[in-house]
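Okay, here's what each chain looks like letter by letter:
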Amino acid sequence: MAGSDTSFDFDFNERSLAGRVVLVAGGTGGLGGATVALLARDGATVVAGYRQDRQRAEALKQAVEAKYRTTVHLVEGDISESDVRARYVEVADALGEGLYGMVCFTGDPARVKFDDVTDTDLHDSMQKNYVAPILLAREAANRMMKRGNEGAIVLLSTMQAVAAFESSINYAGPKLALIGAARIMAKQWGGPGGVRVNVVAPGVNRAGMALKSIESGKYDFYVDQKIIPRFGRPEDVARVVRLLIEPDNYITGQVVTVDGGLTLRRDRG
(Lines give C-alpha, C1' and ligand atoms only; values in the text may rest on other atoms or scores of the structure.)
Protein backbone atom coordinates (compact mmCIF):
# COMPACT_ATOMS: atom_id res chain seq x y z
CA MET A 1 0.00 0.00 0.00
CA ALA A 2 1.38 3.41 -0.96
CA GLY A 3 2.77 5.39 1.93
CA SER A 4 2.80 2.49 4.37
CA ASP A 5 5.93 1.45 6.28
CA THR A 6 7.08 -1.90 4.97
CA SER A 7 10.64 -1.82 6.30
CA PHE A 8 9.72 -3.77 9.46
CA ASP A 9 12.83 -2.32 11.09
CA PHE A 10 11.66 -2.44 14.70
CA ASP A 11 13.73 -1.02 17.54
CA PHE A 12 13.99 -3.61 20.33
CA ASN A 13 16.96 -2.47 22.39
CA GLU A 14 18.02 -5.43 24.50
CA ARG A 15 20.57 -3.44 26.50
CA SER A 16 18.52 -0.35 27.22
CA LEU A 17 19.17 -0.63 30.95
CA ALA A 18 22.95 -0.73 30.56
CA GLY A 19 24.45 1.77 33.00
CA ARG A 20 21.07 2.88 34.37
CA VAL A 21 21.01 3.13 38.16
CA VAL A 22 18.03 1.39 39.76
CA LEU A 23 17.30 1.37 43.48
CA VAL A 24 15.38 -1.69 44.70
CA ALA A 25 14.07 -1.23 48.25
CA GLY A 26 13.37 -4.63 49.76
CA GLY A 27 15.72 -5.97 47.12
CA THR A 28 16.96 -8.98 49.06
CA GLY A 29 13.62 -10.71 49.65
CA GLY A 30 12.10 -13.31 47.36
CA LEU A 31 10.45 -10.96 44.86
CA GLY A 32 13.10 -8.29 45.28
CA GLY A 33 15.98 -10.71 44.86
CA ALA A 34 14.63 -12.00 41.55
CA THR A 35 14.19 -8.43 40.35
CA VAL A 36 17.71 -7.45 41.37
CA ALA A 37 19.07 -10.44 39.47
CA LEU A 38 17.06 -9.68 36.31
CA LEU A 39 17.97 -5.98 36.28
CA ALA A 40 21.63 -6.82 36.87
CA ARG A 41 21.54 -9.37 34.05
CA ASP A 42 20.27 -6.67 31.71
CA GLY A 43 23.08 -4.29 32.58
CA ALA A 44 21.55 -2.01 35.22
CA THR A 45 23.61 -0.72 38.11
CA VAL A 46 21.53 -2.04 41.01
CA VAL A 47 21.34 -0.77 44.58
CA ALA A 48 19.58 -3.32 46.79
CA GLY A 49 18.10 -1.99 50.01
CA TYR A 50 17.39 -4.29 52.94
CA ARG A 51 16.09 -3.79 56.46
CA GLN A 52 18.35 -5.91 58.65
CA ASP A 53 19.34 -9.37 57.35
CA ARG A 54 22.92 -8.59 56.35
CA GLN A 55 23.83 -12.23 55.82
CA ARG A 56 21.07 -12.74 53.25
CA ALA A 57 21.93 -9.45 51.54
CA GLU A 58 25.58 -10.43 51.17
CA ALA A 59 24.61 -13.87 49.86
CA LEU A 60 22.41 -12.31 47.17
CA LYS A 61 25.12 -9.83 46.26
CA GLN A 62 27.72 -12.57 45.84
CA ALA A 63 25.40 -14.81 43.82
CA VAL A 64 24.30 -12.08 41.40
CA GLU A 65 27.80 -10.68 40.99
CA ALA A 66 29.25 -14.12 40.29
CA LYS A 67 26.58 -15.00 37.73
CA TYR A 68 26.34 -11.72 35.84
CA ARG A 69 29.83 -10.25 36.38
CA THR A 70 28.50 -7.00 37.76
CA THR A 71 28.44 -5.11 41.06
CA VAL A 72 25.42 -4.99 43.36
CA HIS A 73 25.50 -2.16 45.88
CA LEU A 74 23.88 -2.71 49.27
CA VAL A 75 22.24 -0.20 51.58
CA GLU A 76 20.75 -1.06 54.97
CA GLY A 77 17.88 0.36 56.98
CA ASP A 78 14.12 0.57 57.49
CA ILE A 79 12.52 2.99 55.03
CA SER A 80 9.91 3.87 57.64
CA GLU A 81 12.62 6.27 58.89
CA SER A 82 13.13 9.47 56.93
CA ASP A 83 16.93 9.47 57.26
CA VAL A 84 17.05 5.93 55.85
CA ARG A 85 14.95 6.93 52.84
CA ALA A 86 17.33 9.83 52.21
CA ARG A 87 20.35 7.54 52.48
CA TYR A 88 18.91 4.98 50.07
CA VAL A 89 18.41 7.66 47.43
CA GLU A 90 21.76 9.35 48.07
CA VAL A 91 23.68 6.09 47.68
CA ALA A 92 21.94 5.34 44.37
CA ASP A 93 22.16 8.89 43.02
CA ALA A 94 25.93 9.02 43.62
CA LEU A 95 26.49 6.21 41.12
CA GLY A 96 26.97 6.58 37.37
CA GLU A 97 24.79 9.30 35.87
CA GLY A 98 22.48 9.35 38.88
CA LEU A 99 19.27 7.65 39.89
CA TYR A 100 17.06 6.49 37.02
CA GLY A 101 14.65 3.93 38.54
CA MET A 102 13.20 2.96 41.90
CA VAL A 103 11.32 -0.20 42.82
CA CYS A 104 9.81 -0.60 46.28
CA PHE A 105 9.00 -4.09 47.56
CA THR A 106 8.91 -3.21 51.25
CA GLY A 107 5.78 -3.70 53.33
CA ASP A 108 4.20 -5.95 55.90
CA PRO A 109 1.48 -8.57 55.39
CA ALA A 110 -0.36 -7.32 58.51
CA ARG A 111 -1.73 -10.77 59.26
CA VAL A 112 -4.19 -9.85 61.97
CA LYS A 113 -7.90 -10.60 61.54
CA PHE A 114 -9.86 -7.39 61.15
CA ASP A 115 -12.08 -8.31 64.13
CA ASP A 116 -8.95 -8.26 66.30
CA VAL A 117 -7.20 -5.22 64.79
CA THR A 118 -6.26 -2.39 67.14
CA ASP A 119 -5.53 1.26 66.41
CA THR A 120 -1.85 0.49 66.69
CA ASP A 121 -2.09 -2.37 64.19
CA LEU A 122 -3.80 -0.15 61.63
CA HIS A 123 -1.37 2.73 62.05
CA ASP A 124 1.58 0.34 61.78
CA SER A 125 0.22 -1.23 58.60
CA MET A 126 -0.46 2.17 57.07
CA GLN A 127 3.07 3.33 57.86
CA LYS A 128 4.78 0.27 56.36
CA ASN A 129 2.49 -0.38 53.40
CA TYR A 130 1.61 3.15 52.32
CA VAL A 131 3.40 6.04 54.01
CA ALA A 132 6.98 4.77 53.75
CA PRO A 133 6.76 3.63 50.10
CA ILE A 134 5.18 6.84 48.80
CA LEU A 135 7.63 9.02 50.71
CA LEU A 136 10.51 7.00 49.26
CA ALA A 137 8.94 7.48 45.83
CA ARG A 138 8.79 11.22 46.42
CA GLU A 139 12.41 11.29 47.55
CA ALA A 140 13.49 9.36 44.45
CA ALA A 141 11.36 11.38 42.02
CA ASN A 142 12.61 14.68 43.41
CA ARG A 143 16.19 13.56 42.85
CA MET A 144 15.44 12.37 39.30
CA MET A 145 13.68 15.60 38.35
CA LYS A 146 16.36 17.76 39.98
CA ARG A 147 18.92 16.14 37.69
CA GLY A 148 16.58 16.57 34.74
CA ASN A 149 16.58 12.82 34.20
CA GLU A 150 13.66 10.80 32.98
CA GLY A 151 12.72 8.20 35.56
CA ALA A 152 10.61 5.20 36.40
CA ILE A 153 9.09 4.11 39.70
CA VAL A 154 7.38 0.80 40.46
CA LEU A 155 5.51 0.23 43.72
CA LEU A 156 4.25 -3.07 45.11
CA SER A 157 0.61 -3.59 46.01
CA THR A 158 -1.33 -6.87 46.25
CA MET A 159 -4.18 -8.75 44.59
CA GLN A 160 -6.11 -8.03 47.80
CA ALA A 161 -6.20 -4.38 46.75
CA VAL A 162 -7.54 -5.32 43.30
CA ALA A 163 -10.34 -7.63 44.50
CA ALA A 164 -12.20 -7.84 47.82
CA PHE A 165 -10.94 -10.59 50.14
CA GLU A 166 -12.60 -11.00 53.51
CA SER A 167 -10.61 -10.07 56.65
CA SER A 168 -7.97 -8.21 54.63
CA ILE A 169 -8.86 -4.62 55.49
CA ASN A 170 -5.79 -3.85 57.58
CA TYR A 171 -3.49 -4.96 54.75
CA ALA A 172 -5.53 -4.28 51.61
CA GLY A 173 -6.62 -0.81 52.75
CA PRO A 174 -3.13 0.74 52.73
CA LYS A 175 -2.22 -1.16 49.55
CA LEU A 176 -5.32 0.20 47.82
CA ALA A 177 -4.39 3.69 48.96
CA LEU A 178 -0.95 3.08 47.48
CA ILE A 179 -2.52 2.45 44.07
CA GLY A 180 -4.44 5.71 44.26
CA ALA A 181 -1.33 7.63 45.28
CA ALA A 182 0.68 6.07 42.44
CA ARG A 183 -1.87 7.26 39.89
CA ILE A 184 -1.74 10.78 41.28
CA MET A 185 2.07 10.75 41.26
CA ALA A 186 2.08 9.48 37.66
CA LYS A 187 -0.10 12.42 36.66
CA GLN A 188 1.81 14.96 38.73
CA TRP A 189 5.31 13.93 37.64
CA GLY A 190 4.60 12.72 34.10
CA GLY A 191 5.16 14.21 30.69
CA PRO A 192 8.27 14.50 28.53
CA GLY A 193 11.38 13.91 30.62
CA GLY A 194 9.20 13.16 33.65
CA VAL A 195 8.79 10.19 35.93
CA ARG A 196 6.55 7.24 35.13
CA VAL A 197 4.87 5.56 38.11
CA ASN A 198 3.25 2.13 38.01
CA VAL A 199 2.14 -0.56 40.43
CA VAL A 200 2.53 -4.34 40.44
CA ALA A 201 -0.07 -6.35 42.37
CA PRO A 202 1.14 -9.94 42.90
CA GLY A 203 -1.09 -12.88 43.75
CA VAL A 204 -0.03 -16.04 45.59
CA ASN A 205 3.71 -16.30 45.02
CA ARG A 206 6.37 -18.70 46.20
CA ALA A 207 8.14 -15.97 48.16
CA GLY A 208 8.11 -14.40 51.59
CA MET A 209 5.20 -15.06 53.93
CA ALA A 210 3.07 -16.43 51.11
CA LEU A 211 5.53 -19.30 50.65
CA LYS A 212 4.78 -20.55 54.16
CA SER A 213 1.06 -20.39 53.44
CA ILE A 214 1.53 -22.32 50.20
CA GLU A 215 3.57 -24.99 51.95
CA SER A 216 0.87 -25.33 54.62
CA GLY A 217 -1.69 -26.12 51.91
CA LYS A 218 -3.70 -22.95 52.52
CA TYR A 219 -3.97 -22.14 48.81
CA ASP A 220 -4.15 -25.65 47.33
CA PHE A 221 -7.83 -25.08 46.56
CA TYR A 222 -7.01 -22.58 43.82
CA VAL A 223 -4.79 -25.05 41.98
CA ASP A 224 -6.91 -28.13 42.69
CA GLN A 225 -10.01 -26.40 41.30
CA LYS A 226 -8.02 -25.14 38.29
CA ILE A 227 -8.67 -21.52 39.19
CA ILE A 228 -4.96 -20.88 38.56
CA PRO A 229 -2.55 -23.13 36.66
CA ARG A 230 0.15 -22.92 39.31
CA PHE A 231 1.40 -20.72 42.12
CA GLY A 232 3.33 -17.63 41.14
CA ARG A 233 7.10 -17.44 41.12
CA PRO A 234 9.38 -14.49 41.92
CA GLU A 235 10.46 -14.48 38.28
CA ASP A 236 6.86 -13.72 37.22
CA VAL A 237 6.89 -10.47 39.16
CA ALA A 238 10.47 -9.59 38.20
CA ARG A 239 9.64 -9.75 34.49
CA VAL A 240 6.76 -7.31 34.90
CA VAL A 241 8.89 -4.91 36.94
CA ARG A 242 11.56 -5.12 34.24
CA LEU A 243 8.96 -4.13 31.64
CA LEU A 244 7.78 -1.15 33.67
CA ILE A 245 11.34 0.05 34.39
CA GLU A 246 12.28 -0.15 30.70
CA PRO A 247 13.47 3.23 29.39
CA ASP A 248 11.09 4.79 26.85
CA ASN A 249 8.31 2.60 28.24
CA TYR A 250 4.84 3.78 27.20
CA ILE A 251 3.03 2.76 30.41
CA THR A 252 2.32 4.97 33.39
CA GLY A 253 -0.32 5.26 36.10
CA GLN A 254 -1.30 1.60 35.73
CA VAL A 255 -1.68 -1.48 37.92
CA VAL A 256 -0.50 -4.84 36.59
CA THR A 257 -1.99 -7.78 38.49
CA VAL A 258 0.32 -10.80 38.40
CA ASP A 259 -1.88 -13.53 39.85
CA GLY A 260 -2.46 -16.14 37.15
CA GLY A 261 -6.08 -15.02 36.93
CA LEU A 262 -6.95 -15.71 40.57
CA THR A 263 -8.83 -12.44 41.12
CA LEU A 264 -10.88 -13.10 37.97
CA ARG A 265 -11.77 -16.71 38.71
CA ARG A 266 -11.52 -17.09 42.49
CA ASP A 267 -15.27 -17.53 43.05
CA ARG A 268 -15.37 -20.65 40.88
CA GLY A 269 -15.21 -24.11 42.33
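Residues numbered from 1 in each chain as written. Predicted model: local features only at pLDDT ≥ 70, side-chain atom pairs only at ≥ 80, totals over all residues. Heavy atoms only, no water.

Q: So what's going on with helix H3 (residues 82-93)? Residues and values would help.
A: For H3, built from 12 residues, the straight-helix expectation of 16 Å at 1.5 Å per residue is met to within 8% by its first-to-last C-alpha distance of 17 Å. Of the positions making up H3, those classed as buried are Val84, Arg85, Ala86, Tyr88, Val89, Ala92 and Asp93. Contact partners of the buried residues in H3: strand E1 (21-25), strand E2 (45-50), strand E3 (72-76), strand E4 (99-104) and helix H4 (119-147). (Helix = DSSP H or I, 4+ residues; strand = E, 2+ residues; numbered from the N terminus. Expected span 1.5 Å × (residues − 1). Buried < 20%, exposed > 50% of the residue type's maximum accessible area, 1.4 Å probe, protein only. Contact = heavy atoms within 4.5 Å.)

Q: Tell me about unusual backbone geometry, residues and numbers included.
A: At Arg69, a position not held by glycine, the phi torsion is positive, near 50°. Positive phi, close to 60°, is recorded for Lys226, a residue that is not glycine. Mapped onto the fold, Lys226 is located in the loop between helix H7 (220-224) and helix H8 (234-245).

Q: Before we move on, can you summarise the sheet that holds strand E6 (residues 195-202) with the specific residues and values?
A: Pairing is parallel across the open sheet formed by 7 strands, whose spatial order is E3-E2-E1-E4-E5-E6-E7. A strand with exactly one partner marks an edge of an open sheet, and here the two such strands are E3 and strand E7 (255-258). Direction aside, the axes of adjacent strands within the sheet are offset by 20° on average. Direction of pairing for E6 relative to E7: parallel, over a ladder of 4 bridges. Bridge pairing in E7 links Pro202 to Val258. (Pairing = 2+ DSSP bridges. Axes fitted to C-alpha atoms, helices over the stretch in contact; angles between N-to-C directions.)

Q: Residues and numbers for the nonpolar core, please.
A: Membership of the largest hydrophobic core comes to 34 residues, with the highest contact counts inside it found for Met102, Ile153, Leu155 and Met185. Listed by contribution, the elements that provide at least two residues to this core are E1, H3, E4, H4, strand E5 (151-156), helix H5 (169-189) and E6. With residues up to four places along the chain from it excluded, the contact list for Met102 reads Val22, Leu23, Leu136, Ala137, Ala140, Met144, Ala152, Ile153, Val154, Leu155 and Ile245. One finds Val36, Leu39, Val72 and Phe105 within the second-largest nonpolar core, a separate group that totals 28 residues. (Core = buried A, V, L, I, M, F, W, Y, C linked by side-chain atoms within 4.5 Å.)

Q: Give a detailed account of the pairing of E5, specifying residues and quantitative values.
A: Across the 6 residues that make up E5, a large majority, 6, are buried. Both faces of E5 are covered, namely the face carrying Gly151, Ile153 and Leu155 and the face carrying Ala152, Val154 and Leu156. Here E4 pairs with E5 via 4 bridges, running parallel. Note on E5: the bridge partner recorded for Met102 is Ile153. Between E4 and its parallel partner E5, the chain crosses via H4, and the hand of that crossover is right-handed. The pairing of E5 with E6 spans 6 bridges and is parallel. Bridge assignment links Gly151 to a residue of E6, and that residue is Val195. Assessed by its sense of winding, the connection that carries the chain from E5 through H5 to E6 is right-handed. (Right-handed = clockwise from strand over helix to strand, strands pointing away.)

Q: Go over the pairing of E2, please, and point to the residues and values.
A: The side chains of a regular strand alternate, residue by residue, between the two faces of the sheet. Among the 6 residues that make up E2, 5 are buried, leaving the element largely enclosed by the rest of the structure. Of the pairings in the sheet, the one linking E1 to E2 comprises 5 bridges and is parallel in character. Note that in E2 the partner of Leu23 across the bridge is Val47. Handedness of the E1-helix H1 (residues 30-41)-E2 crossover: right-handed. Pairing geometry for E2 and E3, over 5 bridges, is parallel. In the strand pairing of E3, Val47 is matched with His73. Traced from E2 through helix H2 (residues 54-68) to E3, the parallel crossover comes out right-handed.

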